[in-house]
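Residues per chain are reported as follows:
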Amino acid sequence: MVKTSSTQKTTTMKRLLLLAALLTLIFSGCARKPPEPIAVNIPTRPINYLHEIKPLLDKRCVVCHSCYNSPCQLKLNSYEGVDRGGSKKAVYNATRLTTMNPTRLFIDAHSTEEWRKKDFHTVTESNAPDNFNNSLMLQILSHKMKNPEVKGAYHSEAEDLTCSASSIELDKYLEKHPNNGMPFGFPPLKQEEFELIAGWLAQGAKGPSVAEQKKLTTPMAADAKAIIEWETFLNKQDPKHVMTARYLYEHLFLAQIKFGTDTNEFYELLRSKTPAGMPVDLIDTVRPYDDPGVDTFYYRFRKIHATIVHKTHMVFNFDDTQLARFKELFIQPKWLQEPHVFSYDHIDSANPFVSFEQIPPRSRYQFLLDNAHYIIMTFIRGPVCRGQIALNVIQDQFWIMFQDPDHDLSVQYPAFLKQQKDKLIMPIEKGSKFPVFDLIGNKYDKAQEAYYKARQDFYMAHHYDGQGYDAIWKGNRPEDTPLLTVYRHFDSASVHKGVLGDLPRTMWVMDYPLTERIYYALVAGFDVYGTVGHQLAIRLYMDGLREEGESYFLGFMPLEQRREMVESWYKGVKPSKIRYYDAGMAEKITYPGNNPKQEFIEYVVNKHILPETGIQFDAINYLAAGKEFPSLPEQYETLADYLQAFRSVSKPGTAFFSLVDDVNANIIYIRIRKNDGSDLVVSLVINRWHDNVVFMFDEKSSLSPEKDNADFITGFIGSYPNYFIDIAQNDLPDFFDLLTNLDTIDEEEAGKRFHKYAINRANPTFWERYDWFQDHFNKEQPVQAGLFDLNRYYHEAAVLVP
């Protein structure tokens, strides 16, 4: 038990009295002319960070302050982030000509002093006399309490927001923007919540005790046992194990690993200078394939004790079955060469077809197939978590299939990969710098195009009579994901098992070389701190990779229709500028109807994919051949009734789309309060029509809002909700009447009716509505859930009319 001296108690009491006095002055009018005075009752008892402050920060602050896109780099999902504070340097910088020193929490510095040397400023400490706390956190929270109104537009990721490093600087900003206190653009904290944080700040903003911190960072017994087994496997020193561990690490460095135990705790896989049994001495390279800089290092696991946020939560299971599978794939087979430890040469390491050449391609590809959902998720939730580099290069909705290993010629003929390795180079070999003037016609784009043509010719030579359905991987296990849906939500995206939504415009077929290059270019080799040239080079390279995936799908379509189909995907682009190469491989599949794309996917889903995977067409959103959009139901009693109504209003051209024609409105979570007391959550996903996705900076010119469509999916889609809707079952007829007849209703009346159900950011009940959705998500998906991000909640604060 820690005893507190009378002197300490007196000092703490003085701080609290001073804090209460100053807050009373602030709220009663001494500073400027504020609203009516607010009574302040600061707790005098000791306040515990872990049990009282952290849960509050998680619910009201971490929802915007996490990941690379945290305003001012202020990450509040751990005490280490709170203590680190904020920075004026933006991680996302579209004009950066020199690389930025990385500022990854838990990696690039490990103490307050080290972060201050990296120009991070405190948000909890005070520089006022008499030990009074006038910290930035207190200042901006108290400002919100006396200026609670939410009005205007709020863009928390805007580049012109202040990152004040002093009270004077912050005061000037708030004087100019009186409605920009925290929480930014949302209702203020409750009075008791504010007083709790104020009291904690007055008591010195202390973090976990030594005992609490040890408990936070120490694995539970069941996990500790698993860690020993896995670290033993990963650190065996024979070349076969060394290269296997290296391959696994380079693909799993972003994973939040869960061991096969009853605990719901997660770990990260690291490289350390110290072996098991000793504290981790982290090797902090920018990329997982960078030279570790030491002759001997060890793969270690570190417990994640920061609050889990959904946008970066990529779960990967490490259990006995997984360990056996890794041994089956990598250890048991005979390798193409005598196993040897490959160097970390910076050029060769950036090309996995060189660095892992000795491992059979079948082993590498099967690993990617086993974990296809995770692999695709990494470029959606990984280093590109803001999404402007990887995501404006893809359509808003498309389906992905995979080449079956027995029909993947790079697997069947490894010599082809060896022959083509110089054409499989990627711009990541230049590291984080890429001169902007070298972008046009750069050697990597040329190499990619040369490989693409060589691959098409190679398949033509071996499959001159075409490929059948057996060339599509159907999965081997119930947990496999041979079909994936990717949704782009403007500047974020999500990936899901199965085929969600209606028939998309485009589909991809991915083989081993394409899957591996997408991973290395967009994940392992992408540096969010790199120059604008580095980011643009990868963006341009991804154009070619997307075109490959689309082309490989077209190889299953009728020969005479392929060119017409690809040109329909690139409207507004000169045919000669569309990078599509058809070697002339015949179609093996006969299509009796006039829609081969739909016939192909319906056969794959209904007759080819392993039934145990559970993959079926979306019963609500998929419009089978010959079917029409349904009308509104006559009653709203069952789930089928609700979803029929949603499907009815999702038809392109419906008046409803004029309500969601802003690119900032892409995902809406809808709560239906059923008459039986239960609740249903439906995600409304808007799919924006793009004439093409070759744009770099002028995306709006390719949009056609009249062609947008929507999918209504039960459960939660995405990580960044743009709106919440809360509606009772008995109000559904009025709600759907509003959506259907929006163009005939007076604008003021429509707004009033809409905000009866829609939860605008200015709604006084916003936080309790948000809490419900977050709690429901946590209960529905206890392993996969994490905190939603509110940075992209719809920016306009509405004037709510009673």
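Preceding this paragraph is the structure being described.
In this text, all values refer to a predicted model and were calculated from it rather than measured experimentally.

## Overview of the packing of aromatic side chains
The description of an aromatic ring pair rests on the distance of the ring centres and on the angle between the ring planes.
Here's step 1: Under the criterion given, the structure shown has 66 aromatic pairs.
Here's step 2: Its guanidinium or amino end placed over the ring of Tyr344, Arg246 lies 3.8 Å from that ring's centre, counting from NZ or CZ.

## Describing the sheet that holds strand S12 (residues 667-673)
Hydrogen bonds between backbone groups are what pair the strands of a sheet, and the pairing can be parallel or antiparallel.
Here's step 1: Taking strand neighbours across the sheet as the criterion, the five strands line up as S14-S13-S12-S15-S16 in an open arrangement whose pairing is mixed. Edge positions in the open sheet fall to strand S14 (709-714) and strand S16 (758-759), since each of these has one partner strand only.
Here's step 2: Taken together, the six bridges between S12 and strand S15 (residues 723-728) define a ladder with parallel strand orientation. The residue of S15 that forms the bridge with Arg671 is Asp726.
Here's step 3: In the packing of helix H22 (residues 639-649) onto the sheet, contacts are made with S12, strand S13 (679-687) and S14, and the angle to S14 comes to roughly 165 degrees.
Here's step 4: This element, helix H24 (residues 747-757), spans S15 and S16 of the sheet and lies at about 85 degrees to S15.

## Overview of the sheet that holds strand S11 (residues 506-510)
Here's step 1: Spatial ordering of the open sheet is given by S10-S9-S8-S11, a layout of four strands whose pairing is mixed. Whereas interior strands pair on both sides, the edge strands pair on one side only; in this sheet they are strand S10 (493-497) and S11. Adjacent strand axes in the sheet meet at a mean angle of 25 degrees, parallel and antiparallel pairs treated alike.
Here's step 2: One ladder, built from five bridges, connects strand S9 (residues 484-488) with S10; its direction is antiparallel.

## A short note on empty space enclosed by the protein
Here's step 1: Using the criterion set out here, one finds six cavities of 30 Å³ or more in the structure.
Here's step 2: By volume, the largest cavity is sized at about 130 Å³.
Here's step 3: For the lining of the largest cavity, the secondary structure elements donating two or more residues are helix H17 (443-462) and helix H19 (532-554).
Here's step 4: Classifying every residue of the lining of the largest cavity gives eight nonpolar, five polar and three charged.
Here's step 5: There is about 70 Å³ of room inside the second largest cavity.
Here's step 6: What lines the second largest cavity is simply Phe646, Phe656, Leu659, Val660, Ile668, Ile670, Leu684, Phe712, Ile725, Phe735, Leu739 and Phe754.
Here's step 7: When residues of the lining of the second largest cavity are traced back to their parent elements, those giving at least two are S12 and helix H23 (732-740).
Here's step 8: When the residues that make up the lining of the second largest cavity are grouped by side-chain class, the tally is 12 nonpolar, no polar and no charged.

What counts as what
Residues numbered from 1 in each chain as written. Predicted model: local features only at pLDDT ≥ 70, side-chain atom pairs only at ≥ 80, totals over all residues. Heavy atoms only, no water. Phe/Tyr/Trp six-rings, centres within 6.5 Å; stacked < 30°, edge-to-face > 60°. Lys NZ or Arg CZ within 6 Å of the ring centre and 35° of its normal. Pairing = 2+ DSSP bridges. Helix = DSSP H or I, 4+ residues; strand = E, 2+ residues; numbered from the N terminus. Contact = heavy atoms within 4.5 Å. Axes fitted to C-alpha atoms, helices over the stretch in contact; angles between N-to-C directions. 1 Å grid on protein atoms, 1.4 Å probe; cavity = no way out; pocket = protein on both sides within 12 Å on 5 of 7 lines; lining within 4 Å. Points joined across faces, edges and corners; volume = space filled by probe spheres on them. Nonpolar A, V, L, I, M, F, W, Y, C, P; charged D, E, K, R; others polar.

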